[in-house]
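Tertiary structure, described
Chain residues, written in single-letter form:
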Amino acid sequence: MAKVGRMKLGSQGLEVSQQGLGCMGMSAFYGPPKPDSDMIALIHHAIESGVTFLDTSDIYGPHTNEVLIGKALKEGVRGKVELATKFGINFNAAEGKREIRGDPTYVSAACEGSLKRLGINHIDLYYQHRVDTRVPIEVTVGELKKLVEEGKIKYIGLSEASASTIRRAHAVHPVTAVQLEWSLWSRDVEEEIVPTCRELGIGIVAYSPLGRGFLSSGTKLLENLSQDDFRQSLPRFQPENLEHNKTIFERVNEMAAKKQCTPSQLALAWVHHQGKDVCPIPGTTKIENFNQNIGALSVKLTPEEMEELEAAADAVKGGRYASGISTWKESDTPPLSSWNAI
């Protein structure tokens with residue numbers, strides 16, 4: 001099995017495994033929740049294999065993924081892991097809809113809720129999952145700074161934030177990591193967001209590095225999705241785009257065969273080759289897929305192979321999300337002066 005090394009994530013002192021484990025699909029969004037006992041066994045296997053950077057959020061479930069990880073951590077492994085969770089997407093059960101919140105009262109309450117569910121006394125990396133465009137980012141990060149001072153969180157992160165939002169946040173308190181979707185077929189962050197992170201010494205955490213699983217198995221992925229799997233609604237998986245996008249997987253598959261690795265290992269290796277400041281967090285619910293994923297660390301790519309891969313995936317059709325889901329492109333917040341005036 002490939003050796004999983006360590007890396008510095010950002011410039012504030014956080015060290016994590018070179019590859020993380022995205023835990024969302026264990027409990028939410030990718031079909032029915034998986035059995036706790038199986039997922040706890042997978043988490044423990046990951047930790048024993050050297051993958052110690054675990055990623056969750058309070059909206060996964062909601063709440064059930066944090067509870068699951070809390071159970072896994074009770075088995076004496078808390079000191080071995082770097083635990084990241086997120087706040088900011090609030091499910092309003094009464095109205096049956098989600099809202100984005102970044103006001104100080106909510107930030108503080110969300111942190112307390114996560115600590116309780118996880119059964120821990122501090123969160124290693126606490127992200128704002130989505131940016132509340134009604135609240136100046138300085139106000140949200142100001143509250144996170146208080147949580148750092150109180151010892152409830154160690155490091156601050158942002159997810160799906162624009163370059164200007166990242167700069168404004170970082171001026172209030174250093175941001176350790178920005179989580180963003182980055183893969184062979186999601187590269188829009190390379191123009192402005194990645195360079196901004198590098199300029200400021202902020203680590204990059206790449207979610208969905210396997211294109212929601214498509215770069216692992218192509219159209220076969222869709223044959224096995226349950227009706228409540230949210231990938232059913234993604235534009236790239238719709239018939240009008242799928243026929244074109246499957247050629248991307250076929251090209252990746254052909255290159256993987258030449259490299260004597262799997263398509264997922266090749267796609268993950270491409271993300272790892274983006275730089276020593278990038279940590280991908282592929283998710284899985286199967287130990288065999290996890291083992292395959294860490295095998296990506298042994299795959300070496302030449303500049304020519306990187307270019308060939310990028311050319312293969314250059315013309316993906318369809319957006320990352322269906323309409324109505326906010327991303328970094330809609331994450332700018334009002335100026336701080338507007339908040340003071342309220």
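Nothing here was measured: the structure is a model prediction, and the numbers come from that model.

In this section: the pattern of salt bridges. It is possible for side chains of opposite charge to pair when their charged atoms get near one another. In this structure the tally under the stated criterion is 22 salt bridges. A salt bridge links Glu-160 to Arg-320, with the nearest nitrogen and oxygen atoms 2.9 Å apart. Pair noted here: Glu-160 is in the loop between β9 (153–159) and α5 (163–172) and Arg-320 is in the loop between α12 (303–312) and α13 (336–340), with a separation of 160 residues, a long-range link. Just as Glu-160 is buried, Arg-320 falls in that class too. Across the pair Arg-167 and Glu-199 runs a salt bridge, and its minimum N-O distance is 2.8 Å. A residue pair is termed long-range when its members are at least 10 positions apart, and Arg-167 in helix α5 and Glu-199 in helix α6 (residues 193–200) qualify at 32 residues. Overall, Arg-167 belongs to the partly exposed group, its relative accessible area being 37%. Each of Glu-112, Glu-150 and Lys-152 takes part in a single network of salt bridges with overlapping partners.

To continue, consider the sheet that holds β9. Pairing is parallel across the open sheet formed by eight strands, whose spatial order is β3-β4-β5-β8-β9-β10-β11-β12. Two strands close off the open sheet at either side, each with one partner strand: β3 (20–22) and β12 (278–280). Each adjacent strand pair in this sheet contributes to an overall mean axis angle of 25 degrees, direction not counted. Where strand β8 (residues 123–128) meets β9, five bridges bridge the pair, whose relative direction is parallel. Bridge assignment links Tyr-126 to a residue of β9, and that residue is Ile-156. The strands touched by helix α3 (residues 104–118) are β5 (82–87), β8 and β9; relative to β8, the strand with the most contacts, the crossing angle is about 140 degrees. Along the sheet face, helix α4 (residues 137–149) touches β5, β8 and β9 and points at about 155 degrees away from the line of β9.

Per the UniProt record, "domain: NADP-dependent oxidoreductase" (unreviewed entry) is found at residues 23–312. Along residues 23–312 one finds 43% helix and 15% strand; the C-alpha atoms at either end are 29 Å apart.

Moving on, we get to the packing of aromatic side chains. Following the criterion strictly, the structure yields nine aromatic pairs and no others. Plain terms: the ring middles of Phe-29 and Tyr-60 are 6.3 Å apart, the flat faces sit at 85 degrees to each other, and that makes the pair edge-to-face. Linking Phe-29 in the loop between β3 and α1 (36–48) with Tyr-60 in the loop between β4 (53–55) and α2 (64–73), this pair joins segments that are 31 residues apart in sequence. For Phe-29, a relative accessible area of 24% corresponds to the partly exposed category. When its relative accessible area of 7% is taken as the criterion, Tyr-60 is described as buried. Here the aromatic residues Phe-29, Tyr-30, Tyr-60 and Phe-230 are joined through ring pairs into a cluster of three or more. Sitting above the plane of the Tyr-30 ring, Arg-231 keeps its charged end 3.7 Å from the centroid.

A few words on the pairing of strand β10 (residues 177–181). Judged by how many residues are buried, β10 sits mostly within the fold: five of five residues are covered. Both faces of β10 are covered, namely the face carrying Ala-177, Gln-179 and Glu-181 and the face carrying Val-178 and Leu-180. Between β9 and its parallel partner β10, the chain crosses via α5, and the hand of that crossover is right-handed. Here β10 pairs with strand β11 (residues 203–207) via five bridges, running parallel.

Thresholds, definitions, all that
- Residues numbered from 1 in each chain as written.
- Predicted model: local features only at pLDDT ≥ 70, side-chain atom pairs only at ≥ 80, totals over all residues.
- Heavy atoms only, no water.
- Salt bridge = Lys/Arg side-chain N within 4 Å of Asp/Glu carboxyl O.
- Helix = DSSP H or I, 4+ residues; strand = E, 2+ residues; numbered from the N terminus.
- Buried < 20%, exposed > 50% of the residue type's maximum accessible area, 1.4 Å probe, protein only.
- Pairing = 2+ DSSP bridges.
- Axes fitted to C-alpha atoms, helices over the stretch in contact; angles between N-to-C directions.
- Contact = heavy atoms within 4.5 Å.
- UniProt positions renumbered as here; feature names shortened; annotations may be inferred.
- Phe/Tyr/Trp six-rings, centres within 6.5 Å; stacked < 30°, edge-to-face > 60°.
- Lys NZ or Arg CZ within 6 Å of the ring centre and 35° of its normal.
- Right-handed = clockwise from strand over helix to strand, strands pointing away.

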